[in-house]
Amino acid sequence: KLIFTDLDGTLLNHDDYSFEPSLQALNKIKETQTPLIFTTSKTKAEVIQLQKKVGIIEPYITENGAALFIPKGYQGLALEELEEYEGYKIILFGKRYRDILNFYEKYKKEFGMKGFSEMSIDEIMELTQLDYEHAELAKQRDFTEPFVIEDPAKIKELQSLAQSYGLQVTQGGRFYHLIAKEQDKGVAVKETTRLFQKLFNEDVETFGFGDSYNDIPMFKNVDNPIIIQNHCGRYVTTDIENIEKSTYQGSAGFNEKVLSDVF
Ligand code: 2M8
Ligand code: MG
Ligand code: MG
């Protein structure tokens, strides 16, 4: 079994980013040595810190499917065919931050966008309720630009413009994100699953947990998609039939559905 999980609003509560409500599920995951693959909009710097707190060392997918990071020597694997990067083997699906920022800088005025690259740590703290230390980690982008927009009615037009530049806009719990056209959580999850299948030479059953629009491609690429109730008490709309839904929000919902559906 392989578990892919979104972080904000799923493993972590939307408002205070706590994961204590899912400790029971996390213990079960650790006991059974089930790989828990963080699949998030967050940065590498944020994920490294969270993995330490949770107490796991596993591959992870950052910035909306931009890249898969596999710790060097993970499960004794050589992974010679993969590129090496800061103690990790990495597969890149997205573009470099600089390429994304070129588009952002060209059109920010016209569309009334304000992105993380131009926000101070204080502004990020204000918009996210993160403390200083965590806001700093969130600002360390490698591949994608989270942003707010004055008039959300302009997103449609921005979306088609972005596409003509080989980019796209997706949406998390608080922000829009400017990402590469060829990346999303689904592409990364599919590739990760294929890799695990090849490495361990057996079929794996996959689970995917998420709460937002940017999780839909992940839902479409796992055997068992599970929607976590969002902080407004609603479920993101998808065309996937008979999709599982948690009865609790955030971390408690993750806990509930891991215990009932994975094990
Ligand atoms: C951003 O991501 C969340 C994901 O749902 C959002 O769009 O609301 C990211 O920039 C991430 O790095 C950051 O930690 C998070 C904080 O809420 O916001
Ligand atoms: Mg989320
Ligand atoms: Mg069961």
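Numbering of residues starts from 1 in each chain and follows the order in which that chain's sequence is written. Here chains are named by letter from A upward and ligands by number from 1 upward, in the order in which they appear as written. Per-residue local features of the predicted model are confined to residues with pLDDT of at least 70, and side-chain atom pairs are confined, for both listing and counting, to 80 or more; whole-chain, interface and lining totals are unaffected and use all residues. Side-chain numbers come from the whole structure's heavy atoms, not from hydrogens or water.

(A) Spotlight on the domain arrangement of the protein. Domain boundaries assigned for the protein yield domain 1 (2-94 + 183-262) and domain 2 (97-180). Just so you know, the domain bounds were taken from an automatic or database domain assignment. The centre of domain 1, based on its C-alpha atoms, is set 22 Å off from the matching centre of domain 2. Note on contacts: a residue pair qualifies if any of its non-hydrogen atoms lie within 4.5 Å across the two residues. Opposite the 24 residues of domain 1 that make contact, domain 2 presents 21 residues. When domain 1 packs against domain 2, the two sides together hide about 1900 Å² of surface, and 51% of this comes from carbon and sulfur. Among the residues of domain 1 in contact with domain 2, Y17, E63 and Q183 are the three that bury the most area, contributing 28% of the side total. A side-chain nitrogen of Lys or Arg and a carboxyl oxygen of Asp or Glu constitute a salt bridge if their distance falls within 4 Å. One can count one salt bridge joining domain 1 with domain 2. In this description, buried area is defined as the sum, over both parts, of the accessible area (probe of 1.4 Å) that is lost when the two are combined.

(B) How the structure looks around the site of ligand 1. Being near a molecule or strand, for a residue, means having at least one of its heavy atoms within 4 Å of it. Surveying the vicinity of ligand 1 reveals 16 residues, the closest of which are Y17, E46, R141, R174 and H177. Here E46 contributes a side-chain N or O atom positioned 2.5 Å from an oxygen atom of ligand 1. A 3.5 Å cut-off defines polar contacts: any pair of N or O atoms within that distance qualifies, except that in protein one atom must be a possible hydrogen donor and the other a possible acceptor, and neighbouring residues in sequence count only when both atoms are side-chain atoms. Between an oxygen atom of ligand 1 and a main-chain N or O atom of F175, the distance comes to 3.2 Å. Residue type decides the class: Asp, Glu, Lys and Arg count as charged, Ala, Val, Leu, Ile, Met, Phe, Trp, Tyr, Cys and Pro as nonpolar, and the leftover types, Gly among them, as polar. When the residues that make up the shell around ligand 1 are grouped by side-chain class, the tally is six nonpolar, five polar and five charged. Looking at the shell around ligand 1, you find at least three residues from each of domain 1 (2-94 + 183-262) and domain 2 (97-180).

(C) The coordination of the magnesium ion (ligand 3), seen in detail. Around the magnesium ion (ligand 3), the donor atoms from the protein are S260 (O) and F263 (O), and they sit 2.4 to 2.7 Å away. Burial classes follow relative accessibility: with a 1.4 Å probe on protein chains only, a residue under 20% of its type's maximum area counts as buried, one over 50% as exposed, and anything between as partly exposed. Residue classification places F263 among the partly exposed positions, given a relative accessible area of 32%. Only nitrogen, oxygen and sulfur atoms qualify as donors, provided they sit within 2.8 Å of the metal or within 3.2 Å for Na, K and Ca; with water excluded from the atoms, sites may seem incomplete.

(D) Quick look at the coordination of the magnesium ion (ligand 2). Donor atoms from the polypeptide that coordinate the magnesium ion (ligand 2) comprise D6 (OD), D8 (O) and D211 (OD), at 2.1 to 2.2 Å from the metal. For the magnesium ion (ligand 2), the donor residues sit on a single chain with the sequence spacing D-x1-D-x202-D. Since its relative accessible area comes to 5%, D6 is described here as buried.

(E) A look at the pairing of strand β9 (residues 167-171). Only DSSP runs of H or I with at least four residues qualify as helices, and only runs of E with at least two residues qualify as strands; both kinds are numbered from the N terminus onward. In terms of residue burial, β9 counts as a mostly covered element, since four of its five residues are buried. Any two strands with at least two DSSP-identified bridges between them are counted as paired. Bridge count between β9 and strand β10 (residues 176-180): five bridges; the pairing is antiparallel. Within β10, the position partnered with V169 by the bridge is L178.

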